[in-house]
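Chain and residue survey
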Amino acid sequence: MNLRNARIAEQNPSAAIRLVNDKYATKQALASVGAPTSPTLAVLRSRREVTALDWSGLPDSWALKPNQSLGGNGILLAFGRRRNNWQSSSGKRISRESVADHLRRILDGDFSPRANDWAMFEPLIRAHPNLERLSHQGLPDIRVICRGDRPQLAMLRLPTRFSGGRANLHQKAIGAAVDLVTGRITHALVGKEPTEVHPDTGEPLIGATVPHWPEVLEAARRCAGATGLRYLGADIVVDACHGPLILEVNARPGLQIQNVTGRGLMAAPTPLRKH
């Protein structure tokens, strides 16, 4: 952990860290270098904009996110429309009034480290069928650690019933090591316990391949040039229609990936610097 923090202090400029803490600014930076990311349907910066929101202009399915939340907090997902309302993944009604209240909570900074925040609507991402069958509900994602534009380690995070459908290793989602060359899962852990199948779906994990793997790595490679970070974690999803999309770029990626892959980052080669 100390070595990681020293590497971050040495290689990640403060301006780049501030950039990736702003999801909307990060998306713009990624788009400027042609990196794939989900489009933005609307950005709301004030309660006045919430009042003036064109509800009829929202699609049947969407994701509502705080701009500067941590750990995926404050995300609201709509999976379909019912007249003037929407519905959750379980079919529960999401009223317009509850969405407006959630928007106000986001703006008030309830899910963010700051006192105020922005809210963003994005299209709902639906996982590629090959990854959806490996998951229990939720959206699986891929974490790729890069030094500069060189991927070093990769893992697939698969939601479980225990994790509440979230791809969060601390909540007992599956961490699956992915071979950088082939994109195949080599081994997997639930917490500290190895597993060869998904505990909820029974699907075999070992040998399964992440779809569009070359494109996943190419998306990760573009993050350094877009953000200015030299040590980063790129969180990428594979959408059923649009392929790999960068969800987030992390300036301080956690070290769980070393436990999942069984490989350390200390021996990873340092990218050449320009003089």
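Higher on the page you've got the structure.
Given the structure is predicted, the values throughout are model-derived calculations rather than measurements.

This part takes up the overall build of the chain. Within the chain, the regular secondary structure consists of 8 helices and 14 strands. In terms of C-alpha radius of gyration, the chain reaches 19 Å, essentially the compact-globule figure of 19 Å for 275 residues. Reported as C-alpha extents along the three principal axes, the dimensions of the chain are approximately 55 × 50 × 30 Å. Relative to its 275 residues, the chain shows a buried fraction of 50%. Restricting the contact set of the chain to residue pairs at least 6 apart, pairs at least 24 apart contribute 59%. In the chain, 36 positive and 24 negative side-chain charges are present, and the distance between their average locations comes to 4 Å.

Moving on to unusual backbone geometry. Positive phi, close to 55°, is recorded for Arg83, a residue that is not glycine. You can see Arg83 is positioned in the loop between strand S4 (80-82) and strand S5 (85-87). Overall, Arg83 belongs to the exposed group, its relative accessible area being 81%. A positive phi angle, near 75°, is found at Lys172, a position not held by glycine. The partly exposed category is assigned to Lys172, whose relative accessible area is 36%.

Right, let's get into the packing of aromatic side chains. For the structure shown, the criterion picks out 4 aromatic pairs. Taking 5.5 Å as the distance between ring centres and 70° as the angle between the ring planes, the aromatic pair formed by Trp62 and Trp86 counts as edge-to-face. Placement of Trp62 in strand S2 (residues 62-66) and of Trp86 in strand S5 is noted, with a sequence separation of 24 residues between them. The exposure class assigned to Trp86 is buried, which follows from its relative accessible area of 0%. Within the aromatic cluster, the residues linked to one another by ring pairs are Trp55, Trp62, Trp86 and Phe121. When the ring centre of Phe162 is taken as origin, the NZ or CZ atom of Lys172, which lies over that ring, is 5.2 Å away.

Across the 5 residues that make up S2, a large majority, 5, are buried. Of the two faces of S2, the one holding Trp62, Leu64 and Pro66 and the one holding Ala63 and Lys65 are both buried throughout. Where S2 lies against strand S3 (residues 76-78), 3 bridges are found, and the strand directions are antiparallel. Counterpart to Leu64 in the pairing with S3 is Leu76. Pairing analysis gives 5 bridges linking S2 to strand S7 (residues 119-123), with the strands arranged antiparallel. Bridge pairing in S7 links Trp62 to Pro123.

Spatial strand order, S1-S7-S2-S3: 4 strands in an open sheet with antiparallel pairing. Each of the sheet's edge strands pairs with one partner strand only, and the pair in question is strand S1 (42-44) and S3. The sheet shows a mean angle of 15° between the axes of neighbouring strands, taken without regard to direction. As judged from the 3 bridges shared by S1 and S7, these two strands associate in the antiparallel manner. In the sheet register, Leu44 faces S7, and the bridge partner there is Ala119. Across the face of the sheet, helix H5 (residues 96-107) comes into contact with S1, S2, S3 and S7 while running at roughly 30° to S2.

Spatially, S12-S11-S10-S9-S8-S13-S14 is the arrangement adopted by the 7 strands of the open sheet, whose pairing is antiparallel. Each end of this open sheet is capped by a strand with a single partner; those strands are strand S12 (193-194) and strand S14 (243-250). Contacting strand S8 (141-147) and strand S13 (231-239), helix H1 (residues 2-11) crosses the sheet at an angle of about 95° to S13. The sheet strands contacting helix H7 (residues 213-227) are S8, strand S9 (150-158), strand S10 (174-178), S13 and S14, and the helix crosses S13 at an angle near 140°.

Summarising the sheet, S10 and strand S11 (residues 185-190) pair through 5 bridges and their orientation is antiparallel. Following the sheet pairing, Ile174 is matched in S11 by Val190. Here S10 folds back onto S11, and the loop between the two strands holds 6 residues, one of which, Gly183, carries a positive phi near 75°. Sheet topology note: the S11/S12 ladder contains 2 bridges and is antiparallel. Bridging from a neighbouring strand, Leu189 pairs with Pro194 of S12. Connecting the antiparallel pair S11 and S12 is a turn made up of 2 residues, with Gly191 showing a positive phi of about 65°.

Conventions used here
Residues numbered from 1 in each chain as written. Predicted model: local features only at pLDDT ≥ 70, side-chain atom pairs only at ≥ 80, totals over all residues. Heavy atoms only, no water. Helix = DSSP H or I, 4+ residues; strand = E, 2+ residues; numbered from the N terminus. Rg over C-alpha atoms; globule rule 2.2 N^0.38 Å. Buried < 20%, exposed > 50% of the residue type's maximum accessible area, 1.4 Å probe, protein only. Contact = heavy atoms within 4.5 Å. Lys, Arg positive; Asp, Glu negative; His and termini not counted. Charge placed at Lys NZ, Arg CZ, Asp CG, Glu CD. Phe/Tyr/Trp six-rings, centres within 6.5 Å; stacked < 30°, edge-to-face > 60°. Lys NZ or Arg CZ within 6 Å of the ring centre and 35° of its normal. Pairing = 2+ DSSP bridges. Axes fitted to C-alpha atoms, helices over the stretch in contact; angles between N-to-C directions.

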